[in-house]
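Next come the chains, spelled out residue by residue.
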Amino acid sequence: MSEYIYTITKKESLADSIFLMDIKAPRVARNCYPGQFVIVKMDEKGERIPLTICDYDRENETVTIVFQAIGTSTKRMAEFNEGEAFRDFTGPLGHRSELIDMPSEELEKRKILFVAGGVGAAPVYPQVKWMKDHGYDVDCIIGARNKELIILEDRIKQCVSNLYITTDDGSYGMKGNVNDCIKELVNNQGKEYDLVIAIGPMIMMKFVCILTKELGIKTIVSMNPIMVDGTGMCGACRLTVGNEIKFACVDGPEFDGHLVNFDEAMKRAQMYRSEEGKKQLKAMEGHTHHHSGCECHEEK
Amino acid sequence: MDVLKRVPVKEQDPKVRAGNFDEVCLGYDLEEAKDEASRCIQCKNPKCVDGCPVAIDIPGFIREVEQGNIEEAFHIINKYSALPAVCGRVCPQEIQCEARCIRGIKGEPISIGKLERFVADWARENKIKPEAPMEKNGRKVAVIGAGPAGLTCAGDLAKMGYDVTIFEALHEPGGVLVYGIPEFRLPKDSVVKAEIDNVKSLGVKIETNVIIGKSITIDELMEEEGFEAVFIGSGAGLPKFMGIPGENANGVFSANEYLTRSNLMKAFDENYDTPIIAGKKVAVVGGGNVAMDAARTALRLGAKVYIIYRRSEAELPARVEEVHHAKEEGVIFKLLTNPKEILVDENGWVSGMRCVEMELGEPDESGRRRPVEKEGSDFNIELDTVIMALGTSPNPLISSTTKGLKTNNHRCIYADKETGMTSREGVFAGGDAVTGAATVILAMGAGKTAAKGIDDYLRSK
Ligand SMILES: Cc1cc2nc3c(=O)[nH]c(=O)nc-3n(C[C@H](O)[C@H](O)[C@H](O)COP(=O)(O)OP(=O)(O)OC[C@H]3O[C@@H](n4cnc5c(N)ncnc54)[C@H](O)[C@@H]3O)c2cc1C
Ligand SMILES: Cc1cc2nc3c(=O)[nH]c(=O)nc-3n(C[C@H](O)[C@H](O)[C@H](O)COP(=O)(O)OP(=O)(O)OC[C@H]3O[C@@H](n4cnc5c(N)ncnc54)[C@H](O)[C@@H]3O)c2cc1C
Ligand code: SF4
Ligand code: SF4
Ligand code: FES
């Protein structure tokens, strides 16, 4: 048994390198809502990794996270198994989805389309589930590169009136990206939406926003910039929204997508990619790398 | 021995220490401490005590040091301060206790801070713990934030018999002591952790990873978890930016981010996962302790470092000792200089900074001479990293989720000076959350005041 308290009560592989975990975290489970996120620190040496809350069970006091093993930290996280535990699991962080605070008269009138790209299906799921539980009808698009990367399809299907699937390579559902699907629905199938909630890679959210702006549909996005503390203390997560600087962790993570400066956000998201690579290199080469004067220590 | 002169304290050689994160000041040994203590004239009316925000019995503990009774000296200090090893290192002694020392009129004041540090370090090495608390009274008090204010308030309440739980947002207790002030000034494991363990040994529970206002609210703590009073010691952690062009470029950080990566996340140690962009040519904007800490951290990570400050040396708000250390280590001071724009390359990374020279004009409301731009004096510095150390303000998370909590227009929480009580009955506050960014010892003083305020309030309830 681990000395840590945030136990993994369930682990499931959803797709190649995408994992779902239920974590025992009473304080988070009791108070979290769709739209919020947590920060996981695996152990003493781990970094603080922000992950959206995908589901929660208030009675069993567990919180569900879904993550893609893409870099050093998330790959290391994927090696944890049921019964093991994380050192830290903080949350809920950020604001809950604004749908939850909308008056019901207004929600009833709204025609909402959710757009999930890749792992973005994870944060979309609790929102459509909440809408279903409260009796509202919504539509949803899930898009991914190929069939293998479509996740949570069955769970989302049970919560929405219409579910559309698109894959880049056409291996499942419609061939094309989520924008092709939105255009098809609005232009050819006569669908009318007045609110889009798009969650996925920044590049996808950027292009969805360009399209919905043309179509005149208000769009909410969930931003996932680099974070450290997640409590408003470091400013690493700052974004330009409209003409203002916002901290995604405390002012977001959801924002009006038509106001977000995506180009800046995407550049900022790259900031540690090369550093991280260098760390890995160092880890492989060991301490031979660690003396002053070594150029590779100093480059940007 | 010349009684007018201090016993000098050993320090790591500047050239060596500029390349490591080990502590700069090595402290006194027993003989040195006794010699320094013997310089104290044991004033009947000790002015030094008036200069200490928690009024430590300074002549009292120094007398014990002189006689070699270090354990006794420790218990004297502990009546007033729960974090002596910390304060002995980071208090601005030169403007507090030592500024008032009678010895200082003719010669050099007694090194009170260094003696305090010696006593605390000796006690830790000899496993001396603070005296055990009195009997528990079973009444529950919640403390928000495990910084100096929260730790002091919790420690004092535990000594009075209360059942105290501290809720801390981060994964480690300590506040700025763990995430802000660097290892080379305040060792984390040996000093900070040990003093926090002393607070725990009084029976204080610390629950990390709990963000009040998100994980649970103050109202819920009082209504559902049975806490009869709450102390807010949540600090002033929200960093400011300048609002100049280029500030969101890659390579621009708040000092809080840079220092948090290095200190709390230990990014300087390659065995830890968190990355940090060290930079080759770094500018730190600001002139306070935070700026000095960021500059000296960047230096240790291998960079050439500039401090950019818009007033002159005399106005630098940082401690004299820190400025002196930074200079010794090779930090370059560009004073009377103000940034106008951060220059950005085609990939979105910092490439430099356009600055303007300043001169001092008429005094402003604060009494300091106001810096004004020298027309046409713009110049560029080539850089790859910029660190903004412009000050911080309280985070609105708690004030915006607690009913009836009065704040001022700087978002500081209102608290009564005598009792520490806020505009909400049973809710107290102190430290940076109330004053805005200040000092460790003032935060501790506020924690002490509030502990007494809470005790009085609960007794009369
Ligand atoms: C609010 C929020 C919610 C998120 N929700 C999810 C989710 O539900 N599922 C999921 O798979 N991912 C989610 N992410 C992204 C996830 O945090 C990153 O994928 C992860 O931090 C990458 O770490 P890595 O070391 O494995 O990857 P690498 O690509 O190797 O990362 C390199 C470095 O860049 C930094 N970094 C890169 N991208 C991010 C990022 N987006 N956020 C923080 N740091 C980053 C880290 O410091 C890391 O050390 C979310 C991010 C945020 C901010
Ligand atoms: C880099 C740096 C160098 C400094 N150098 C010196 C120095 O040399 N000498 C000196 O005297 N002072 C120095 N200071 C100032 C000094 O550290 C602060 O004034 C002091 O720490 C304030 O103490 P505090 O307890 O009020 O707040 P903090 O130390 O800020 O602690 C507040 C704690 O509350 C937690 N918290 C915040 N919000 C919540 C929430 N909602 N729920 C739960 N927990 C929460 C935070 O995570 C933090 O741990 C320095 C500050 C910095 C940043
Ligand atoms: S706590 Fe600070 S001000 Fe008080 S005696 Fe110690 S060093 Fe001096
Ligand atoms: S004022 Fe100076 S000399 Fe007098 S008691 Fe205090 S430390 Fe000693
Ligand atoms: S993550 Fe540090 S302020 Fe948002």
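Residues numbered from 1 in each chain as written. Chains lettered and ligands numbered in written order. Predicted model: local features only at pLDDT ≥ 70, side-chain atom pairs only at ≥ 80, totals over all residues. Heavy atoms only, no water.

K.L.:
Explain the interface of chain A and chain B to me, please; I cannot follow it from the model alone.
P.N.:
It is common to give the size of an interface as the accessible area that goes away when the parts come together. Residue-level contacts link 52 residues of chain A with 51 residues of chain B. Between chain A and chain B the total buried area reaches about 4400 Å² when both faces are included, carbon and sulfur atoms providing 50% of it. There are four salt bridges connecting chain A and chain B. Residues glutamate 172 of chain B and arginine 87 of chain A are paired through a salt bridge, measuring 2.6 Å at the closest nitrogen-oxygen approach. At the boundary of chain A with chain B, the tally comes to 24 residue pairs in polar contact (both at pLDDT 80 or more). At the level of elements, helix 1 (26–31), helix 2 (72–78), strand 7 (88–93), strand 14 (238–241), strand 15 (244–247), helix 9 (262–269) and helix 10 (273–285) of chain A are the ones that each hand at least two residues to the side of chain A that touches chain B. It is strand 7 of chain A that provides the largest number of residues to the side of chain A that touches chain B, a total of six residues. (Contact = heavy atoms within 4.5 Å. Buried area = accessible area lost by both parts, 1.4 Å probe. Salt bridge = Lys/Arg side-chain N within 4 Å of Asp/Glu carboxyl O. Polar contact = N/O pair within 3.5 Å; in protein donor to acceptor, adjacent residues only side chain to side chain. Helix = DSSP H or I, 4+ residues; strand = E, 2+ residues; numbered from the N terminus.)

K.L.:
Looking at this structure, how should I read unusual backbone geometry?
P.N.:
Among all residues except glycine, the phi angle is most often negative; among peptide bonds, the trans geometry is most common. Residue proline 92 of chain A is bonded to the preceding glycine 91 of chain A through a cis peptide linkage, with omega at -5°. Among the secondary structure elements, proline 92 of chain A is positioned in strand 7. Omega for the bond connecting glycine 252 of chain A with proline 253 of chain A falls within 30 degrees of zero, at 10°, which places this linkage in the cis form. In this model, leucine 152 of chain A sits at a positive phi of 60°, which is unusual for a non-glycine residue. The residue leucine 152 of chain A is located in the loop between strand 9 (138–144) and helix 5 (153–157) in this model. Phi is positive for leucine 336 of chain B, close to 50°, though the residue is something other than glycine. With respect to the secondary-structure elements, leucine 336 of chain B resides in the loop between strand 11 (332–334) and strand 12 (337–344).

K.L.:
What is the right way to read the packing of helix 2 (residues 30–38) of chain B against helix 4 (residues 58–66) of chain B from this model?
P.N.:
Each pair of packed helices can be summarised by the angle the axes make with each other and by the distance between the axes. Residue and element names in this part refer to chain B. Closest axis-to-axis distance for the helix 2/helix 4 pair is 8 Å, and the angle between their directions is 130°. Considering their axes alone, helix 2 and helix 4 lie oblique with respect to each other. Viewed along their axes, helix 2 and helix 4 form a crossing whose handedness is left-handed. From helix 2, Ala33, Lys34, Ala37 and Ser38 reach across to helix 4, where they touch Ile62, Val65 and Glu66. Classifying every residue of the contact of helix 2 with helix 4 by side-chain character gives four nonpolar, one polar and two charged. (Axes fitted to C-alpha atoms, helices over the stretch in contact; angles between N-to-C directions. Parallel < 35°, antiparallel > 145°, perpendicular 65-115°, else oblique. Left-handed = near helix turned anticlockwise from the far one by under 90°. Nonpolar A, V, L, I, M, F, W, Y, C, P; charged D, E, K, R; others polar.)

K.L.:
When you look at the sheet that holds strand 4 (residues 163–167) of chain B in this model, what are you seeing that I'm missing?
P.N.:
Two strands in a sheet stick together by hydrogen bonds in their backbones, pointing the same way (parallel) or opposite ways (antiparallel). All names here are of chain B. The strand order 5-4-3-6-18 describes an open sheet built from five strands, whose pairing is parallel. Here the strands that pair on one side only, and so sit at the sheet edges, are strand 5 (205–207) and strand 18 (427–429). Neighbouring strand axes in the sheet, compared pairwise and without regard to direction, differ in orientation by 20° on average. Pairing of strand 3 (residues 140–144) with strand 6 (residues 229–232), which is carried by four bridges, proceeds in the parallel orientation. Note on strand 6: the bridge partner recorded for valine 143 is phenylalanine 231. (Pairing = 2+ DSSP bridges.)

K.L.:
Mind showing me how you'd approach the sheet that holds strand 16 (residues 254–256) of chain A here?
P.N.:
Residue and element names in this part refer to chain A. Read across the sheet, seven strands follow the order 11-10-9-8-12-13-16 without closing on themselves; strand pairing throughout is mixed. Where the open sheet ends on each side, the last strands, each with one partner, are strand 11 (174–175) and strand 16. Here strand 13 (residues 218–222) runs beside strand 16; their pairing, made up of three bridges, is antiparallel. What sits directly across from valine 221, in strand 16, is phenylalanine 255.

K.L.:
When you look at a nonpolar patch on the surface in this model, what are you seeing that I'm missing?
P.N.:
Residue and element names in this part refer to chain A. On the surface, Ile203, Phe207 and Ile210 cluster together into a nonpolar patch covering about 270 Å² of accessible area. Tracing the sequence through the fold places isoleucine 203 in helix 7 (residues 202–215). On the basis of relative accessible area, isoleucine 203 is assigned to the partly exposed category, the value being 47%. (Patch = residues over 30% accessible without salt bridge, like charges linked within 9 Å, V, L, I, M, F, W, Y side chains within 5 Å. Areas by Shrake-Rupley, 256 points an atom, 1.4 Å probe, with all protein chains shown as cover. Buried < 20%, exposed > 50% of the residue type's maximum accessible area, 1.4 Å probe, protein only.)

K.L.:
Explanation requested: the site of ligand 1 in the structure shown.
P.N.:
Contacts to ligand 1 come from 24 residues, most closely from Glu47, Pro50, Thr52, Thr74 and Asn224 of chain A. Each of chains A and B places residues next to ligand 1. Here a nitrogen atom of ligand 1 sits 2.8 Å away from a polar atom, N or O, in the side chain of threonine 52 of chain A. About the coverage of ligand 1: the protein hides 91% of its 830 Å² of free accessible area. Looking at the shell around ligand 1, the elements with two or more residues in it are strand 4 (48–57), strand 5 (62–68), helix 2 and helix 10 of chain A. Among the elements that line the shell around ligand 1, the one with the most residues is strand 4 of chain A, at four residues. Here the shell around ligand 1 is built from residues that sort into 14 nonpolar, seven polar and three charged. The residue makeup of the shell around ligand 1 includes at least three contributed by each of domain 1 (6–93) and domain 3 (223–291) of chain A. (Near = heavy atom within 4 Å. Domains from an automatic or database assignment.)

K.L.:
When you look at the site of ligand 2 in this model, what are you seeing that I'm missing?
P.N.:
All names here are of chain B. Lining the immediate environment of ligand 2, one finds 34 residues, of which Val90, Ala149, Glu168, Arg185 and Asp432 sit closest. Contact distances for ligand 2 include 3.4 Å between an oxygen atom and a backbone N or O atom of glycine 175. In the complex, the protein chains occlude 93% of the 1000 Å² of accessible area that ligand 2 would expose alone. Counting only elements with at least two residues in the shell around ligand 2, the list comes to helix 10 (148–159), helix 15 (289–300) and helix 18 (440–460). Counting residues per element, the shell around ligand 2 draws most heavily on helix 15, at three residues. For the shell around ligand 2, the residue count by class is 20 nonpolar, 10 polar and four charged.

K.L.:
Just checking my understanding: could you explain helix 2 of chain B for this structure?
P.N.:
Because the α-helix completes a turn every 3.6 residues, residues three or four places apart line up on one side. All names here are of chain B. Listing the buried residues of helix 2 in full gives Glu32, Ala33, Glu36 and Ala37. With its buried residues spanning 135° around the axis, helix 2 presents them on a single face. Packing partners of the buried residues in helix 2 comprise strand 1 (10–11), strand 2 (25–27), helix 4 and helix 9 (112–125). (Arc of directions from axis to C-beta.)

K.L.:
It is not clear to me how helix 16 (residues 320–329) of chain B should be interpreted in this structure. Could you clarify?
P.N.:
Residue and element names in this part refer to chain B. For helix 16, the full list of buried residues reads Glu322, Val323, His325, Ala326 and Glu329. Considered in projection along helix 16, the buried side chains sweep an arc of 165° and stay on one side of the axis. In this fold, the buried residues of helix 16 make contact with strand 1, helix 1 (14–17), helix 15 and strand 11. The first or second residue beyond helix 16 is glycine 330, which carries a positive phi of 110°.

K.L.:
Sorry if this is basic, but what is going on with the domain arrangement of chain A here?
P.N.:
Residues and elements named next belong to chain A. Once the domains are mapped, chain A shows domain 1 (6–93), domain 2 (98–221) and domain 3 (223–291). On a C-alpha basis, the centroid separation for the pair domain 1 and domain 2 is 24 Å. Contact with domain 1, which involves 16 residues of that partner, is made by 14 residues of domain 2. For the pair domain 1 and domain 2, the summed buried area comes to about 1200 Å², and 69% of that belongs to carbon and sulfur atoms. Contact with domain 2 buries surface across domain 1, with Pro34, Cys54 and Asp55 losing the most and accounting together for 34% of the total. In this structure, the connection of domain 1 to domain 2 is made through two salt bridges. Note that lysine 129 and aspartate 55 form a salt bridge whose closest N and O atoms lie 3.0 Å from each other. Seen at the junction of domain 1 and domain 2, the total is two residue pairs in polar contact (both at pLDDT 80 or more). Counting residues per element, the ones that place at least two in the side of domain 1 that touches domain 2 are strand 1 (6–15), strand 2 (18–24), strand 4 and strand 5. In terms of residues, the side of domain 1 that touches domain 2 owes the most to one element, strand 4, which gives four residues. Here the side of domain 1 that touches domain 2 is composed, by residue class, of 10 nonpolar, three polar and three charged.

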